[in-house]
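The chain contents come next:
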Amino acid sequence: MTTNLILVLTLHLFLSACEAANIQNLGGEWLLREANGKYEDLKATVPGGIYSDLMNNNIIGDIFFGYGDSETKWVPRLNWTYYRNFSVDANTLNKENVNLVLEGLDTFANVFVNGKKVGESRNMFVRYIFDVKDQLKVGNNEIEVQFLSPIEVSARLAEQQSKLYDVPPDCPDAAYRGECHVNMIRKMQASFSWDWGPSFPSVGIWKDIYIESFDESAIRYIVTDVTESEDGDYWLLNFDTYLANNKKGTVTGILMYTVTLKDIQMTQVNHVDAVMNAYNETVVTTTVQISKSFVNTWWPNGYGAHDLYNLNVVFSNEVSSEHDIKNVRVGFRTVELVQDSLDSGLTFYFKINGEPIFMKGSNEIPVDILPERGQNKTTIKKLLMAAHDSHMNMLRVWGGGVYESDYFYDLADELGIVIWQDFMFACAMYQSDENYRSNVIDEVRHQVKRLRSHASVALYSGNNENEGALVDDWYGTKNNFTLYKNDYVTLYIDTIKTEFDRITHNRGIFVSSSPSNGKKTVSDGYVSTYPGNPLYGDVHYYNYVLNPFDSNIYPVPRFASEYGYQSLPSYASLAKVVKQISDLEITSDFMNHRQHHPLGNAQMTLLIEMNLKLPNESSSKYSQAYIFYSQIVHALSIKIETEHYRRFRSSLNNKGEGKTMGALYWQLNDVWLAPSWSGIEHTGKWKMLQYYTQDFFAPIIITGHLNLERTLEIYIVSDLLSPVLNVSASIQVYKWNSFEPVSSETVTVDLEAGHSHLIKSIATDDYLTDRNCGALNVAKNNCFFYLSVEKEGLKITPDNYVFPSKIRDSDVQKPKVQISSVKKISDEQIYSITIETDQIALFVWLESPVISGTFSENGFLMVNNTKTVYFNSEEESISPEELSETLTLTHLMDEQYF
Ligand code: BMA
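The shown structure was predicted, so the numbers you read here are calculated from the model rather than taken from an experiment.

## Concerning the overall build of the protein
Moving on, step 1. Check the secondary structure of the protein and you find 19 helices and 47 strands.
Moving on, step 2. Relative to a compact globule of 898 residues, whose C-alpha radius of gyration would be 29 Å, the protein shows 29 Å and is just as compact.
Moving on, step 3. In terms of overall dimensions, the protein has C-alpha extents of about 90 × 70 × 65 Å along its principal axes.
Moving on, step 4. Expressed as a percentage of its 898 residues, the buried residues of the protein come to 61%.
Moving on, step 5. Within the protein, contacts between residues separated by at least 24 positions form 70% of all contacts whose residues are at least 6 apart in sequence.

## Quick notes on helix 8 (residues 434-451)
Moving on, step 1. Taking 1.5 Å of rise per residue, the 18 residues of helix 8 would be expected to cover 26 Å, and the 25 Å separating its terminal C-alpha atoms lies within 8% of that figure.
Moving on, step 2. Residues of helix 8 that are buried: Tyr436, Asn439, Val440, Glu443, Val444, Arg445, His446, Gln447, Val448, Lys449, Arg450 and Leu451.
Moving on, step 3. Residue Asp433 occupies the N-cap position of helix 8, its side-chain oxygen lying 3.1 Å from the main-chain nitrogen of Asn435.

## Looking at the packing of aromatic side chains
Moving on, step 1. Taken as a whole and judged by the stated rule, the model has 56 aromatic pairs.
Moving on, step 2. Ring centres 5.6 Å apart and planes at 40 degrees place the aromatic pair Phe500 and Phe510 in the tilted group. Placement of Phe500 in helix 10 (residues 481-503) and of Phe510 in strand 29 (residues 510-511) is noted, with a sequence separation of ten residues between them. Assigned by exposure class, Phe500 and Phe510 land together as buried.
Moving on, step 3. Each ring, one from Trp736 and one from Phe784, has its centre 4.3 Å from the other, and the planes form 35 degrees; the classification is tilted. Note that Trp736 is positioned in the loop between strand 35 (724-735) and strand 36 (743-751) and Phe784 in strand 38 (residues 783-791), a separation of 48 residues in sequence. Considered together, Trp736 and Phe784 belong to a single accessibility category, that of buried residues.
Moving on, step 4. Connected via pairs of aromatic rings, a cluster forms that spans Phe125, Tyr403, Phe423, Tyr460, Phe500 and Phe510.
Moving on, step 5. The side chain of Arg186 reaches across the aromatic face of Phe425, ending 3.8 Å from its centre.
Moving on, step 6. Positioned above the aromatic ring of Trp235, the side-chain terminus of Lys292 is 4.6 Å from the ring centre.

## Details of the packing of helix 14 (residues 600-611) against helix 15 (residues 622-647)
Moving on, step 1. At their nearest, the axes of helix 14 and helix 15 sit 10 Å apart, and the two run at 75 degrees to each other. Considering their axes alone, helix 14 and helix 15 lie roughly perpendicular with respect to each other. Facing helix 14, whose interface residues are Asn601, Met604, Thr605, Leu607 and Ile608, helix 15 presents Tyr626, Tyr629, Ser630 and Val633.
Moving on, step 2. Here the contact of helix 14 with helix 15 is composed, by residue class, of six nonpolar, three polar and no charged.

## Details of the packing of helix 8 against helix 10
Moving on, step 1. At a minimum axis separation of 10 Å, helix 8 and helix 10 run at an interaxial angle of 35 degrees. Crossing geometry of helix 8 relative to helix 10 is assigned as right-handed. Mapping the contact onto sequence places Tyr436, Arg437, Val440, Ile441, Val444, Arg445, Val448 and Lys449 in helix 8 and Thr490, Leu491, Thr495, Ile496, Glu499, Phe500, Arg502 and Ile503 in helix 10.
Moving on, step 2. Of the residues contributing to the contact of helix 8 with helix 10, the split by class is nine nonpolar, two polar and five charged.

## Describing the pattern of salt bridges
Moving on, step 1. Tallied over the entire structure, the rule returns 38 salt bridges.
Moving on, step 2. Its salt-bridge partner being Lys73, residue Glu179 comes within 3.6 Å of it at the nearest N-O pair. Highlighted residues: Glu179 in the loop between helix 5 (150-162) and strand 11 (192-194) and Lys73 in the loop between helix 3 (68-71) and strand 4 (80-88), separated in sequence by 106 residues.
Moving on, step 3. Among the residues examined, Lys73 registers a relative accessible area of 26% and is labelled partly exposed.
Moving on, step 4. With a closest N to O distance of 3.1 Å, Glu874 and Lys382 form a salt bridge. Linking Glu874 in the loop between strand 46 (866-873) and helix 19 (880-886) with Lys382 in helix 6 (residues 377-389), this pair joins segments that are 492 residues apart in sequence.
Moving on, step 5. Owing to a relative accessible area of 46%, Glu874 belongs among the partly exposed residues under this scheme.
Moving on, step 6. In the salt-bridge network here, residues are joined through shared partners; they are Glu281, Arg445, Lys449, Glu499 and Arg502.

Cut-offs used in this document
Residues numbered from 1 in each chain as written. Predicted model: local features only at pLDDT ≥ 70, side-chain atom pairs only at ≥ 80, totals over all residues. Heavy atoms only, no water. Helix = DSSP H or I, 4+ residues; strand = E, 2+ residues; numbered from the N terminus. Rg over C-alpha atoms; globule rule 2.2 N^0.38 Å. Buried < 20%, exposed > 50% of the residue type's maximum accessible area, 1.4 Å probe, protein only. Contact = heavy atoms within 4.5 Å. Expected span 1.5 Å × (residues − 1). Polar contact = N/O pair within 3.5 Å; in protein donor to acceptor, adjacent residues only side chain to side chain. Phe/Tyr/Trp six-rings, centres within 6.5 Å; stacked < 30°, edge-to-face > 60°. Lys NZ or Arg CZ within 6 Å of the ring centre and 35° of its normal. Axes fitted to C-alpha atoms, helices over the stretch in contact; angles between N-to-C directions. Parallel < 35°, antiparallel > 145°, perpendicular 65-115°, else oblique. Nonpolar A, V, L, I, M, F, W, Y, C, P; charged D, E, K, R; others polar. Left-handed = near helix turned anticlockwise from the far one by under 90°. Salt bridge = Lys/Arg side-chain N within 4 Å of Asp/Glu carboxyl O.

Printed below as a string of structure tokens:
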């Protein structure tokens with residue numbers, strides 16, 4: 001028997017005989033007081049936060065209701081203290097090391113144990129570990145976490161900084177109704193308000209808090225990454241085991257790891273004498289060579305399985321039975337960001353497992369504006385499942401929010417959703433003095449080690465739009481450009497990138513900003529003159545004045561990482577957060593209060609009226625119509641823009657722009673009920689956009705582009721990795737007043753793998769005139785194109801349509817549309833809903849204001865007199881009759897609006 005095997009057996013005996021690392025959770029019931037005695041001994045919950053606790057104590061009302069944000073402006077201006085008693089046993093205290101671990105403190109706090117300060121925090125993204133061995137006693141102990149007002153601290157820091165020079169912006173735009181100087185502090189930047197969100201500068205213990213004790217060491221992090229052997233036959237699983245070391249010396253023990261693969265387990269046991277490095281880390285680096293036949297490769301959503309394999313690491317103290325165990329799940333895949341030369345510029349696309357993948361998805365803002373609620377697994381699961389079920393394969397965790405919970409990334413791993421991870425800096429200048437940088441280094445160390453092992457996390461970006469803000473002089477920094485540029489490079493490159501490269505052994509993928517010009521930015525010294533250059537890197541594009549239904553207005557970038565339009569959440573949801581129904585008038589103070597985007601309502605109205613005829617403002621249903629129309633314009637604009645980007649996946653235009661390989665629209669989710677760019681409301685209800693993503697992100701689409709010469713170019717875009725032969729595309733023309741198409745033709749094509757094919761060009765007006773749609777100048781108003789694709793009699797794309805004229809100028813009829821039946825079709829809360837219409841109907845929209853759930857399709861076109869869709873209810877035991885009673889149906893020409 002080898003020594004290793006004996007050790008394994010002995011270790012197994014140890015592990016079954018004793019408990020894992022000694023952890024005493026301090027979460028649960030705490031007490032809360034205001035520092036000046038305004039409130040005392042309030043009940044509090046940890047993990048938690050001040051707004052949640054004050055709501056639970058009925059000191060403030062529901063902050064998401066009405067003017068809850070304005071009414072609670074006093075809350076973050078006070079200093080709040082959380083405290084409790086807890087008992088410690090001798091067993092814990094007898095250990096050599098006894099630490100208080102705080103996984104997340106938001107943000108400025110002094111921490112006291114039995115009246116003595118044991119540490120302080122200044123960054124909500126850092127895990128704090130304080131040595132409390134000498135402060136604790138056997139029996140009863142007291143802990144107090146005294147928070148400082150984040151508003152006061154940031155104001156004080158800004159004042160100090162301004163003695164040297166100003167780091168703008170000082171305050172957000174007045175329309176945000178927010179607080180000032182959030183860029184001074186390492187806290188969720190959107191917690192002081194954003195153009196889609198309220199100001200709720202929370203304080204609290206937002207993650208777990210516990211006492212850990214050990215003699216020799218505990219495992220702090222397991223940080224994995226996967227590469228391939230040179231011959232390509234093996235995966236190399238590289239992992240760093242970070243060991244806790246209070247002594248600042250050598251950690252001695254036994255490290256055993258087990259990788260559980262398809263049919264076998266690989267185990268290895270090593271004696272370690274790990275010495276602390278210059279960064280106060282005690283790390284053991286291991287590489288395991290694994291035959292590729294032992295695992296299934298991890299693929300993004302839509303491309304294969306997302307299998308994960310368990311890596312279990314045990315640290316054991318050689319002189320006692322003490323041990324600590326950590327598990328991580330490994331997905332075997334490679335990721336490259338390819339930036340190859342083109343005639344003009346560079347490509348910018350992701351290759352996963354050697355295959356170019358068009359990234360389809362959205363930008364994620366914080367799961368909740370209250371960070372403790374952002375840990376809610378049900379909310380996270382709903383969001384990520386919506387992304388998954390809509391063919392998304394990438395989400396960008398945007399830099400003004402938080403590094404999300406472990407569960408968020410675990411689920412992304414399981415669902416194959418690739419993550420573009422920003423560091424949490426957004427739309428501002430930031431300091432770069434030594435003190436500030438040391439704070440940021442703590443954050444980078446913790447977060448990169450925490451996130452690095454996730455198969456889903458592919459790329460890290462230094463910040464959101466800060467390079468653009470500097471170069472385009474958003475905040476009046478032009479006269480001191482060199483100063484701010486130096487701060488920029490010092491922070492994102494010399495500090496964040498340097499740390500990132502060190503932790504990832506130079507194997508991680510990092511871009512300095514989003515948007516950036518990628519490699520070109522590097523050769524430009526990290527600040528390019530035109531960060532939004534479509535020939536390089538990624539691009540953010542917003543335009544609220546040109547017609548969003550005209551695909552000629554959109555840029556042709558290498559990768560569109562942000563683009564969007566606003567819409568309103570549903571009338572039924574808004575009705576639940578207002579005192580009186582008059583607040584729902586579009587021009588009411590309340591609606592104005594919730595619109596944080598400067599000129600947002602005027603832009604929405606303008607964009608609606610470019611294409612649709614709003615009812616008269618005196619109509620009793622004007623608000624309902626406006627909300628509904630805002631969602632139509634939102635959904636259709638993002639559909640048209642996304643199809644435009646997908647159409648360019650394999651071609652270049654005459655300026656050398658194109659080969660577009662990513663479309664991440666702004667934004668996936670919401671943090672309150674307000675006008676915003678999101679596809680999913682704060683209630684979890686889907687707006688029309690979210691339904692449309694299911695179609696425009698489908699693996700194969702047919703899409704029409706009406707160019708400036710009024711030629712309709714019809715494309716089929718396939719994201720599949722293999723060709724599809726012999727598919728037939730049907731091009732039909734309908735008159736608005738008939739279910740019978742006036743013409744139909746078929747084009748048969750072979751689809752190459754990962755390619756966009758122009759399958760037909762049609763001189764629109766002539767084509768329609770020849771098909772009896774009317775004279776050359778009006779034919780476009782009377783008819784529209786309807787597109788579908790079949791292979792062997794089965795549809796392989798969602799049906800699509802092209803309106804050759806503005807909808808408001810077209811001969812759209814006023815159909816009668818109604819629900820004809822609702823039936824339950826399975827035990828799993830699935831209901832079929834059949835709808836009938838007497839004419840072609842546009843944007844037919846179903847809603848159940850009472851029962852939560854999603855429809856299989858919504859906001860659809862009806863070119864037949866009947867259609868069946870399915871409702872997946874989140875609530876159990878609903879009879880079809882109950883559902884039927886609560887269902888509402890509307891459509892573009894609904895007579896109730898006119
Ligand atoms: C982008 C984002 C956000 C913002 C959005 C909508 O620039 O990065 O800062 O919320 O636009 O304005």
